[in-house]
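Observations on the three-dimensional arrangement
Here's the letter readout for the chains.
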Amino acid sequence: MARIIVVTSGKGGVGKTTTSAALAMGLALKGHRTAVIDFDVGLRNLDLIMGCERRVVYDFVNVINGEATLNQALIKDKRCDKLFILPASQTRDKESLTVEGVGKVLEDLSKDFEYIVCDSPAGIEKGATLAMYYADDAIVVTNPEVSSVRDSDRMLGILSSKSRRAELGDEPIKEYLLLTRYCPQRVKLGEMLSVEDVQDILSLHLLGVIPESKAVLTASNAGIPVILDDKSDAGQAFSDVVRRYLGEHVTHRFIELEKKGLFNRLFGG
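Description of the structure in this document. (Residues numbered from 1 in each chain as written. Predicted model: local features only at pLDDT ≥ 70, side-chain atom pairs only at ≥ 80, totals over all residues. Heavy atoms only, no water.)

What follows deals with the overall build of the chain. Summing up its helical and strand segments, the chain has 13 helices and eight strands in all. Whereas a compact globule of 269 residues would reach a radius of gyration of roughly 18 Å, the chain reaches 19 Å, a difference of no more than 12%. Here the C-alpha coordinates of the chain stretch approximately 70 × 40 × 35 Å along the principal axes. Expressed as a percentage of the 269 residues in the chain, the buried residues total 55%. Residue pairs at least 24 apart in sequence account for 74% of intrachain contacts in the chain once pairs closer than 6 positions are excluded. Carbon and sulfur atoms make up 49% of the accessible area of the chain, which totals about 12800 Å². Separation between the mean location of the 34 positive side-chain charges and that of the 38 negative ones in the chain comes to 4 Å. (Helix = DSSP H or I, 4+ residues; strand = E, 2+ residues; numbered from the N terminus. Rg over C-alpha atoms; globule rule 2.2 N^0.38 Å. Buried < 20%, exposed > 50% of the residue type's maximum accessible area, 1.4 Å probe, protein only. Contact = heavy atoms within 4.5 Å. Areas by Shrake-Rupley, 256 points an atom, 1.4 Å probe, with all protein chains shown as cover. Lys, Arg positive; Asp, Glu negative; His and termini not counted. Charge placed at Lys NZ, Arg CZ, Asp CG, Glu CD.)

Structure representation (C-alpha cells):
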C-alpha cells in the first residue's frame with residue numbers, strides 16, 4: 001500500500017503547491033514511484049509548477065465521475081519516469097469531490113505507487129478536508145508569522161479529529177512542520193517569528209526550513225519544481241526535507257545568519 005501524504009495549511013499562499021511539487025519530485029528521484037494529486041478543484045496550479053499544463057486532457061474529477069480512467073488522466077513527468085501528476089479540474093466546483101470517489105482513486109493509485117502526495121487547497125473547505133481525510137502523513141506548511149501559525153494550529157485540530165484514522169481509532173496521522181519563506185535577518189530584527197517560536201506554538205516535528213528565495217518564483221514561472229535547482233538554497237533545503245522524510249539524519253540549514261569571513265569583516269562586505 002502507498003503512503004498517502006497531505007500537504008496542508010490553514011492559510012493560502014504559504015507554498016503548499018511548491019512543496020507538493022518538490023516533495024513528489026524528490027521522492028521520485030530517490031527511486032520511489034510517486035503520484036501527486038491537485039485537490040484544488042476550480043483553480044488548478046500544480047500542473048503549471050510541474051510544467052505539464054499543455055498535456056492535461058483528463059483530470060481528477062473526470063476519473064471520479066468515470067469519464068476517464070486513471071491511466072488516461074495521469075501525466076508522466078518528462079524529467080523523471082517514476083513521477084506522475086493527476087491534475088485538478090478547472091471547470092468543476094469542489095462539490096464534485098466525494099469521500100467515496102476520492103477513496104476509490106487513492107485505492108487504485110495505491111496498487112501502483114509507493115507515495116501519493118495530495119496538494120491541498122488552503123483552509124477547511126471540502127477539497128481541503130478530503131485531501132487530508134485519507135492521509136497517513138501530514139506536512140503542515142506555515143510561514144513564520146502569527147496569522148499563518150495560528151491558522152496552522154487550527155488545521156492540526158482538524159487533522160486529529162476528522163480524518164479516517166481518527167474515525168476508525170487507528171494510529172493518528174503523523175504530522176510534520178515545514179517552515180517556508182524564512183529569513184534569519186528578519187528574525188533578528190524582530191519582524192518574523194523564529195523557528196523556536198513556531199515550534200513552541202505548534203509542537204510539531206520540524207521537517208525543514210525553506211529560506212526566502214527568488215529561486216522559488218523563478219522555478220515556478222519556468223514550470224520546474226525548485227528541488228531540481230540544486231544550486232539554489234531553496235532547492236537544497238527541499239532536498240534535505242525529502243531525505244529527512246525518508247528517515248535520514250540531516251542537519252538543518254538556512255536557520256542561522258551566515259557568519260562573515262575575515263575579509264568581509266575587514267572591508268564591510
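Still to come is the rest of the account.
In this section: the packing of aromatic side chains. In total, this model carries five aromatic pairs according to the counting rule given. Ring centres of F84 and F113 lie 5.5 Å apart, and the angle between their planes is 75°; this geometry places the pair in the edge-to-face category. Here F84, found in strand β4 (residues 83-86), pairs with F113, found in the loop between α5 (99-110) and β5 (115-119); they are 29 residues apart in sequence, far enough to count as distant. You'll find F84 and F113 in the same group, each marked buried. With 5.9 Å between their ring centres and 70° between their planes, Y115 and Y245 make a pair best called edge-to-face. Of the two residues, Y115 is situated in strand β5 and Y245 in helix α12 (residues 233-245); the sequence distance between them amounts to 130 residues. (Phe/Tyr/Trp six-rings, centres within 6.5 Å; stacked < 30°, edge-to-face > 60°.)

Attention shifts here to a negative patch on the surface. A cluster of acidic side chains, namely E196, D197, D200 and E256, defines a negative patch on the protein surface. Within the secondary structure, E196 sits in helix α10 (residues 195-202). (Patch = residues over 30% accessible without salt bridge, like charges linked within 9 Å, V, L, I, M, F, W, Y side chains within 5 Å. Salt bridge = Lys/Arg side-chain N within 4 Å of Asp/Glu carboxyl O.)

Below, the discussion takes up a nonpolar patch on the surface. A contiguous nonpolar patch, built from L29, I224 and L228 and spanning about 230 Å² of accessible area, is present on the exposed surface. By the secondary structure assignment, L228 is in the loop between α11 (214-222) and α12. The exposure class assigned to L228 is partly exposed, which follows from its relative accessible area of 31%.

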